[in-house]
Amino acid sequence: MKKEVVILVISWLLVIILYIGKVPRDIKGKAPISFLFAQTLSWVYIFYSVYFKRVEFPFREFPYATKLSFSLYYMIYPAFSSFFHVF
């Protein structure tokens, strides 16, 4: 297995475990809202960065579908942004 895949799997598991284990039950409604807001902002930013060829991703989960890094800008960054907002 490539080291990139191992890093992505560990990142996904870390995000899921942190969300289930660390976000209190009474504020679990705020986390998805901040997650979606951060996801929207990161998508717009990285879409234009890739479109104008300011950044290029050598490893992508879906190389034929998109030129973006799916895990980083659709899962990991928004999750840590929502953790920051909740705590």
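Please refer to the structure higher up on the page.
Residues numbered from 1 in each chain as written. Predicted model: local features only at pLDDT ≥ 70, side-chain atom pairs only at ≥ 80, totals over all residues. Heavy atoms only, no water.

Summarise the packing of helix α2 (residues 30–51) against helix α3 (residues 70–86); cite the residues concerned and give the values.
Close contact between α2 and α3 brings their axes to 8 Å; oriented N to C, the two are set at 135°. One element, α2, and the other, α3, form an angle in the oblique class. Pair α2 / α3 crosses with right-handed handedness. Residue-level contacts link Ala 31, Ser 34, Phe 35, Ala 38, Gln 39, Ser 42, Trp 43 and Ile 46 of α2 to Tyr 73, Tyr 74, Met 75, Tyr 77, Pro 78, Ala 79, Ser 81, Ser 82, His 85 and Val 86 of α3. Class assignment for the residues of the contact of α2 with α3 results in 12 nonpolar, six polar and no charged. (Axes fitted to C-alpha atoms, helices over the stretch in contact; angles between N-to-C directions. Helix = DSSP H or I, 4+ residues; strand = E, 2+ residues; numbered from the N terminus. Parallel < 35°, antiparallel > 145°, perpendicular 65-115°, else oblique. Left-handed = near helix turned anticlockwise from the far one by under 90°. Contact = heavy atoms within 4.5 Å. Nonpolar A, V, L, I, M, F, W, Y, C, P; charged D, E, K, R; others polar.)

How would you sum up unusual backbone geometry? Please name residues and give values.
Of note in the backbone geometry, Lys 53 takes a positive phi value of approximately 60° without being a glycine. Topologically, Lys 53 is positioned in the loop between α2 and α3.

How would you summarise the packing of aromatic side chains if you had to cite specific residues and measurements?
Taken as a whole, this structure holds 10 aromatic pairs when the rule is applied. The interplanar angle of 25° and the centroid separation of 5.3 Å between the aromatic rings of Phe 70 and Tyr 74 together place this pair among those described as stacked. Note that Phe 70 and Tyr 74 are positioned in helix α3 at a spacing of four residues, about one turn of the helix. For Phe 70, a relative accessible area of 31% corresponds to the partly exposed category. Counting every residue linked through ring pairs, the aromatic cluster contains Trp 43, Phe 47, Tyr 48, Tyr 51 and Phe 52. (Phe/Tyr/Trp six-rings, centres within 6.5 Å; stacked < 30°, edge-to-face > 60°. Buried < 20%, exposed > 50% of the residue type's maximum accessible area, 1.4 Å probe, protein only.)

Could you give an account of helix α1 (residues 3–22), with specific residues and numbers?
Relative to the 28 Å expected for 20 residues at 1.5 Å per residue, α1 spans 27 Å between its end C-alpha atoms, a close match to the ideal helical length. Turning to α1, its buried residues are Leu 8, Ser 11 and Val 15. Considered in projection along α1, the buried side chains sweep an arc of 60° and stay on one side of the axis. Among the exposed residues of α1, those oriented more than 90 degrees off its buried face are Lys 3, Ile 10, Ile 17, Ile 20 and Gly 21. In this structure, the buried residues of α1 make contact with α3. (Expected span 1.5 Å × (residues − 1). Arc of directions from axis to C-beta.)

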